Amino acid sequence: MSKRDKRRAHHRGAALLAGPDETTARVRALIASGKTREALELAKQLFKETRSAEAEALVLVAYEARVGALLAAGQHQEASALAAVIGERFPAHRARIATLVNRSRAIASGDLRELIAELATAAAPRRQEIESVLTRELRDPRMLADAEGLAADHPLRSAARAVAELFTAVTSGPLPDGALAALDRISRRSPLSPWKLLIRALDAYYHRDDGAAIANLDAIPADSGPARLMPVLRHLIGDPAPLDQRSVPIAMLVKDVTAGRGVVRGHMRRLVRALAAGDQATAVSAVERIVPLLALERSSVKRTFAVTVLEQWMRAGLNPTPLMQALLRDRRDVEWQRDAPRLLALTFERAGFWDEALLLWDAYLTTALRAGVLPPTGPAPSRVLLHMAGLFPSDRDQVLDAFDVDSDDELEEAIAAGERPECADRGRLLARARDADPGPRAYRALVAHWEPRDARRAEAEAEAWRRAHPHDLEPLLYLARAAERRGAHRSALDLLDDAEAINRVHPEVRQSRFRLLLASAERRIREGRFALALADLDRLDKETAATTGDTFAYLGALRGVAMRRNGDGAAALALQEELAARLGNRTLLALILESVAAAFGLELPKANGPASQVEAIVALGRASELLRALERPITVPQALLAQVERDQGGVSPADLHALCEAGLAIGRPELTYRASGRGLAADGPLLHRFLLARGRALAGAAAQRDRDRAQRCLLAARDLAGRARDMDAVSAASAALETAARSRELDSLRMYPRFEAATPLTQEEIASLVATERADDRVPRFASAKSGRKRQRSSRRQRDLFDDFVAFLEKSS
Amino acid sequence: VNPFAVLGIEETAGDDAVRVAYLAAVRRSPPDRDPDGFRRVREAYEAVRDEERRFALRVFGPAPLDPEALLDLVADERRHVGPASWLAVLRGDRR
């Protein structure tokens, strides 16, 4: 027997044992103590046994109490059903029961007027009952505030007025400071207590204090009226739990409050989770829903969304076609359709796939020009063309590989035959950029493009630049240098005169004057016109550049050659002694003299004995620095090189750094590696410079592991140089990183290796790297000169995905 | 951060409109009272102050965001819509 049946049996037994009066008293006591179920059972038993009018009246009282208790518990349906049963069993009392039914229905529909009116006269137990119904069923505080059944100054009514006013205010605009103080007088037991918490939660929500909003929401009893807003508010705050938006009022509220963005943000959350999990189907579905919703946003929002999703899509290696279909579904959005290739181009470009990006840029440019989005001429199309030209890697082999040809001529033929796009010809792109906007930027790019390929073409472009911009120094200086390279020193000096007429004090103009005079002096020595050469050298001595570093020694060496060949050997020897004294390092003088002599095809007697280790190291560093600055070759005797490579100890960090540079300049990365190791061990202000030198040396290592080390060294060097405000080193590290990235082979297993390439190192990683490099004294094997070209293709997988993209775009257009 | 959005201008805005929007934004975030806001405004203005920069942003941008930042792409609007919409939910059928 269940507990419930046992209890019933007990009450039935009690009814049988006791008399009617005791049973009636017992029923009334049970009702008073809130045990309506037991009271009803007992009253029904008594009525069954006696069938008396008193028992019938008692059972009706018990039924009324039970219905009241069900209503108080919010069980309206149960209360209505029970009331209907009473009406059937006691038709004479149907009217009395109808009142109960109506009250039940009214409360269920939110009409609490009758209940509120009862509050004015209700005794304490009934008042508590009514207040508990109000706590649960009050859906608008205005109903209580406006209840005429209660006196205007009734505490509950006046509190409800304050709540109603604050609820209207908090949902209509920002509340003034201190406005919430009106809620303080509402006690925790009041039926308005949940409303107090709701208003505080709303105020916190609108002040974007989400923590406070959630804390107040958490305190609202789950069975109270305001609790109906809890899931909505939680959703608005960003709770990931799904919200049932099939309810029209909820959907409308979310839409109104968030201006429609709540829905977008919900789908965005879903998309972010799907991308992180690589869940393509969910991600596509989210994108499909987001794109039309973004139509109301600024166009830049939609574009940022697209490039972000595209990049993440590529990183995750998902199939791009469904994504493109989702992004381009709205065919009416012509602007969006037109912009898609550009966004794709940017994505491919950022991923390091320059050739795919180039084709997509070409598609964008063609469409934009045709649609009039870009004008046919002017800076805009010129900049796009220059950008496209800038995508080409400096390594020509990579360009040929990308277009699957073996030579420039073959590429030209393929373009002419229509087998390759015209944009594959970088020179043609630059010429188009110049034609669209003949500004310095396009000319500069054209000259730089042709210089290593066709010097005459480069000069022709510089000449055209000069004609188009006669007051621009840049083409003049370029032409002067080109003339100098050709040995046309007279023309070079004439051009320099023109440049000086524009700006005499420009540092490059002044350097050019020095360089040209130096070249003139050297040429005259070769031609045997020694007097003129010495005159040139006299003029050079007066130039500011002659006073920097060891330049005087190079000029002195030239003067010595001129004197010696002019038959004045004694003067040359005296000059040599003077130079040795000024330099303070006979080995350095010997290196300079030897380099100058080698340039003129002279042989110098071996005058010096073996140099000390320190003197040899310092000499090599300084000589290399001097000749590199003057753009002249250095000749290093093998014995000296071997001596320096044996040990690099005992010199200053500055000399050690000069030695690092010398190693790179003379093609001895092993020397740079060893010298940089010494420098790293010293831990001084040149630490970043030594890391830079080591990175540059390791960039030419044979093993991939060492080339990876190079990249880390360069990244660390760039970071440390930035902190040391050494901007030259920052630029050098960036350039070296760019070169390393370009020459790096594509790993066929990874689609987008460049994404990882430029990740900066943390300070802990830099410290660890320096410690490792200090400890690593193993000299790596360095790659020898470049072997014959080996054609490489980018990964098949990448190709397939790109072809998918292009095929989809073609179909779309 | 999208500089056009910071200044509240269209991408097609001209120099004058950019300048007017910048001055208005500086009035809203003066450097002495809202240094962070002012810095954002200043950086946005520097990014779009002339046509060349605006063109570069339009054609060679935008930069992709971190995936989590997608949520910030669409601003979290919290509009005051009055009590009616809230009460409609409160009055709605719970079941």
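Residues numbered from 1 in each chain as written. Chains lettered and ligands numbered in written order. Predicted model: local features only at pLDDT ≥ 70, side-chain atom pairs only at ≥ 80, totals over all residues. Heavy atoms only, no water.

## Examining the overall build of chain A
Broken down by element type, chain A carries 43 helices and 0 strands. Expressed as a percentage of the 813 residues in chain A, the buried residues total 49%. Taking as baseline every contact in chain A between residues at least 6 positions apart, the subset at least 24 positions apart corresponds to 59%. Split by element, the accessible area of chain A, about 38,900 Å² in all, is 51% carbon and sulfur. (Helix = DSSP H or I, 4+ residues; strand = E, 2+ residues; numbered from the N terminus. Buried < 20%, exposed > 50% of the residue type's maximum accessible area, 1.4 Å probe, protein only. Contact = heavy atoms within 4.5 Å. Areas by Shrake-Rupley, 256 points an atom, 1.4 Å probe, with all protein chains shown as cover.)

## Section: empty space enclosed by the protein
Over the atoms a probe the size of a water molecule is rolled, and this reveals where empty space is left. Summed over the entire model, instances satisfying the criterion amount to 5 cavities of 30 Å³ or more. His235(A), Leu236(A), Ile237(A), Gly238(A), Thr258(A), Gly262(A), Arg265(A), Arg269(A) and Asp76(B) together form the lining of the largest cavity. Counting residues per element, the ones that place at least two in the lining of the largest cavity are helix H13 (230-237) and helix H15 (261-277) of chain A. When grouped by side-chain class, the residues that make up the lining of the largest cavity number 2 nonpolar, 4 polar and 3 charged. (1 Å grid on protein atoms, 1.4 Å probe; cavity = no way out; pocket = protein on both sides within 12 Å on 5 of 7 lines; lining within 4 Å. Points joined across faces, edges and corners; volume = space filled by probe spheres on them. Nonpolar A, V, L, I, M, F, W, Y, C, P; charged D, E, K, R; others polar.)

## Some points on the interface of chain A and chain B
The interface of chain A with chain B comprises 63 residues on the first partner and 42 residues on the second. Here chain A and chain B share an interface that buries about 5,000 Å² over both sides, 62% of which is from carbon and sulfur atoms. The salt bridge involving Glu52(B) is made with Arg383(A); its shortest N-O contact spans 3.8 Å. Inspection of the region where chain A meets chain B yields 20 residue pairs in polar contact (both at pLDDT 80 or more). In terms of residue class, the side of chain A that touches chain B is made up of 34 nonpolar, 11 polar and 18 charged. (Buried area = accessible area lost by both parts, 1.4 Å probe. Salt bridge = Lys/Arg side-chain N within 4 Å of Asp/Glu carboxyl O. Polar contact = N/O pair within 3.5 Å; in protein donor to acceptor, adjacent residues only side chain to side chain.)

## Comments concerning the pattern of salt bridges
Residue and element names in this part refer to chain A. Tallied over the full model, the rule gives 62 salt bridges over all chains. The closest approach of N and O atoms between Arg-142 and Asp-146, which form a salt bridge, is 4.0 Å. Looking at Arg-142, the relative accessible area reads 30%, which means it is partly exposed. Its salt-bridge partner being Glu-451, residue Arg-485 comes within 3.5 Å of it at the nearest N-O pair. Placement of Arg-485 in helix H27 (residues 473-486) and of Glu-451 in the loop between helix H25 (440-450) and helix H26 (455-468) is noted, with a sequence separation of 34 residues between them. Residues joined in a network through salt bridges with shared partners are Arg-694, Arg-705, Asp-706, Arg-709, Glu-773, Asp-776 and Arg-778.

## Regarding the nonpolar core
Of all hydrophobic cores here, the largest spans 96 residues; its most connected members are Leu271(A), Phe305(A), Leu327(A), Trp361(A) and Phe403(A). When sequence neighbours within four positions are dropped, the list of residues in contact with Trp361(A) reads Arg342(A), Ala345(A), Leu346(A), Glu349(A), Val384(A), His387(A), Met388(A), Leu391(A), Val59(B) and Phe60(B). By size, the runner-up hydrophobic cluster in this structure holds 81 residues, among which are Phe600(A), Ala616(A), Ala662(A) and Tyr673(A). (Core = buried A, V, L, I, M, F, W, Y, C linked by side-chain atoms within 4.5 Å.)

## Considerations on the packing of helix H11 (residues 193-206) of chain A against H13(A)
All names here are of chain A. At their nearest, the axes of H11 and H13 sit 11 Å apart, and the two run at 15° to each other. Accordingly, the angle class assigned to the pair H11 and H13 is roughly parallel. The two elements H11 and H13 cross, and the hand of that crossing is left-handed. Residue-level contacts link Leu-198, Ala-201, Leu-202 and Tyr-205 of H11 to Leu-233, Leu-236 and Ile-237 of H13. A breakdown of the residues in the contact of H11 with H13 according to their chemical character gives 7 nonpolar, no polar and no charged. (Axes fitted to C-alpha atoms, helices over the stretch in contact; angles between N-to-C directions. Parallel < 35°, antiparallel > 145°, perpendicular 65-115°, else oblique. Left-handed = near helix turned anticlockwise from the far one by under 90°.)

## Some details on the confidence of the model for chain A
Residue and element names in this part refer to chain A. Confidence in the prediction of chain A, expressed as mean pLDDT, is 85, and 91% of residues score 70 or more. For chain A, per-element mean pLDDT is lowest for helix H41 (residues 754-757), which scores 40, and highest for helix H24 (residues 426-436), which scores 97. Confidence drops under pLDDT 50 across residues 745-757; counting only partners more than four residues distant or on other chains, this segment forms 28 contacts. (pLDDT = per-residue confidence, 0-100.)

## Overview of the side chain of Arg515(A)
Residues and elements named next belong to chain A. Within the secondary structure, Arg-515 is located in helix H29 (residues 507-526). Judged by relative accessible area, which is 11%, Arg-515 ranks as buried. Beyond its immediate chain neighbours, meaning those up to four positions away, Arg-515 contacts Arg-481 and Glu-484.

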